[in-house]
Amino acid sequence: MRAANDQLSAVVLAAQAGEEEAFSELYHQLHPGLLRYLSVLVGRDAEDIASDTWLQVCRDLHTFTGDGDGFRGWVATIGRHRGLDYLRSRSRRPAEPAAWETLLAVPGHYDTEIQAEESLSTVAALRLIAQLPQEQAEAVLLRTVIGLDAKSAGVVLGKSPGAVRTAAYRGLKNLAAMLEQVPVD
């Protein structure tokens with residue numbers, strides 16, 4: 001885990017120095033998790049919110065200080081703030097929701113059959129996570145999908161690391177109970 005953080009830190013520094021390939025690497029490493037997190041947070045408009053997030057990341061990249069894990073948390077914080085702003089705006093102008101499952105297709109270098117199976121598994125997992133209370137869902141997503149530690153997730157959510165660990169634990173416990181109720185084929 002430490003090596004991955006060091007590698008991400010090096011890529012962040014290269015992107016801050018203006019290397020386009022480094023920024024592309026950041027995007028490819030972080031975007032799938034960010035998009036999944038936002039799809040649960042805001043639904044069908046996750047791609048738009050993610051785009052806004054990356055625009056702000058591009059604009060403010062030179063101001064970031066920290067390591068790879070800090071960068072991951074910084075991007076998640078920006079995405080969360082953009083998502084919550086969007087939800088507040090949408091609550092003033094409600095619209096008919098569309099299926100958010102269509103937003104989960106992330107291009108990759110995988111076998112199509114394997115990718116299809118993984119996508120179905122991901123959709124099913126996100127559906128279950130979306131049924132959790134928001135605090136638990138966000139804690140589970142930030143810890144497991146985006147890969148933040150409790151301290152970084154706490155910064156994103158404005159909570160203590162202990163509160164994040166507790167919410168993630170309760171969320172995972174609730175997910176386990178939900179899975180026990182799912183019929184096996």
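Above this text you will find the structure in question.
Report follows, based on the coordinates. (Residues numbered from 1 in each chain as written. Predicted model: local features only at pLDDT ≥ 70, side-chain atom pairs only at ≥ 80, totals over all residues. Heavy atoms only, no water.)

Brief notes about the side chain of Asp60
Then step 1. Along the chain, Asp60 falls in helix 3 (residues 46-60).
Then step 2. In terms of polar contacts, Asp60 uses its side chain to reach the side chain of Arg59, at 3.1 Å. (Helix = DSSP H or I, 4+ residues; strand = E, 2+ residues; numbered from the N terminus. Polar contact = N/O pair within 3.5 Å; in protein donor to acceptor, adjacent residues only side chain to side chain.)

Things to note about the environment of Val123
Then step 1. One can find Val123 in helix 5 (residues 112-130).
Then step 2. The class of Val123 is buried, set by a relative accessible area of 10%.
Then step 3. In the structure, Val123 is positioned 87 residues away from Arg36 in sequence and 9.4 Å away in space, judged by C-alpha atoms. (Buried < 20%, exposed > 50% of the residue type's maximum accessible area, 1.4 Å probe, protein only.)

Remarks on the nonpolar core
Then step 1. Core analysis: the biggest nonpolar cluster contains 48 residues, and Leu26, Tyr37, Leu38, Phe71, Ile129 and Leu142 have the highest contact counts within it.
Then step 2. Where this core is concerned, the elements lending two or more residues are helix 1 (2-16), helix 2 (20-42), helix 3, helix 4 (68-92), helix 5, helix 6 (134-145), helix 7 (150-157) and helix 8 (161-181).
Then step 3. Ranked by the residues each element gives to this core, the list is headed by helix 2, at 11 residues. (Core = buried A, V, L, I, M, F, W, Y, C linked by side-chain atoms within 4.5 Å.)

Considering the packing of aromatic side chains
Then step 1. On inspection of all chains with the given rule, the structure shows 5 aromatic pairs.
Then step 2. Ring centres of Phe64 and Phe71 lie 5.3 Å apart, and the angle between their planes is 80°; on these two criteria the pair is classed as edge-to-face. In this pair, the class of Phe64 matches that of Phe71, namely buried.
Then step 3. Through pairs of rings, three or more aromatic residues link up here, namely Phe23, Tyr27 and Trp54. (Phe/Tyr/Trp six-rings, centres within 6.5 Å; stacked < 30°, edge-to-face > 60°.)

A word on the packing of helix 2 against helix 6
Then step 1. With their axes 10 Å apart at the nearest point, helix 2 and helix 6 run at an angle of 175° to one another. By the angle between their directions, the pair helix 2 and helix 6 is classed as roughly antiparallel. Counted together, Gly33, Arg36, Tyr37, Val40 and Leu41 of helix 2 and Gln134, Ala137, Glu138, Leu141, Leu142 and Val145 of helix 6 form the full contact between these two elements.
Then step 2. Per-class residue counts for the contact of helix 2 with helix 6 are 7 nonpolar, 2 polar and 2 charged. (Axes fitted to C-alpha atoms, helices over the stretch in contact; angles between N-to-C directions. Parallel < 35°, antiparallel > 145°, perpendicular 65-115°, else oblique. Contact = heavy atoms within 4.5 Å. Nonpolar A, V, L, I, M, F, W, Y, C, P; charged D, E, K, R; others polar.)

Considerations on empty space enclosed by the protein
Then step 1. The final tally for this structure, using the stated rule, is 1 cavity of 30 Å³ or more.
Then step 2. Considering only enclosed or pocket space, the largest cavity measures out at about 40 Å³ in volume.
Then step 3. Its residues placed into classes, the lining of the largest cavity shows 5 nonpolar, no polar and 1 charged. (1 Å grid on protein atoms, 1.4 Å probe; cavity = no way out; pocket = protein on both sides within 12 Å on 5 of 7 lines; lining within 4 Å. Points joined across faces, edges and corners; volume = space filled by probe spheres on them.)

Thoughts on the pattern of salt bridges
Then step 1. Summed over the entire model, instances satisfying the criterion amount to 5 salt bridges.
Then step 2. The partner of Asp69 in a salt bridge is Arg72, and the shortest N-O contact between them spans 3.2 Å. On the criterion of helical spacing, the pair formed by Asp69 and Arg72 is a turn pair, its members being 3 residues apart in helix 4.
Then step 3. Using a relative accessible area of 17% as the deciding quantity, one classes Arg72 as buried.
Then step 4. Asp85 serves as the salt-bridge partner of Arg88, at 2.4 Å between the closest nitrogen and oxygen. Note that Arg88 and Asp85 are positioned in helix 4 at a spacing of 3 residues, about one turn of the helix.
Then step 5. What makes Arg88 partly exposed here is its relative accessible area of 47%.
Then step 6. Exposure remark for Asp85: the relative accessible area of 43% places this residue in the partly exposed category. (Salt bridge = Lys/Arg side-chain N within 4 Å of Asp/Glu carboxyl O.)

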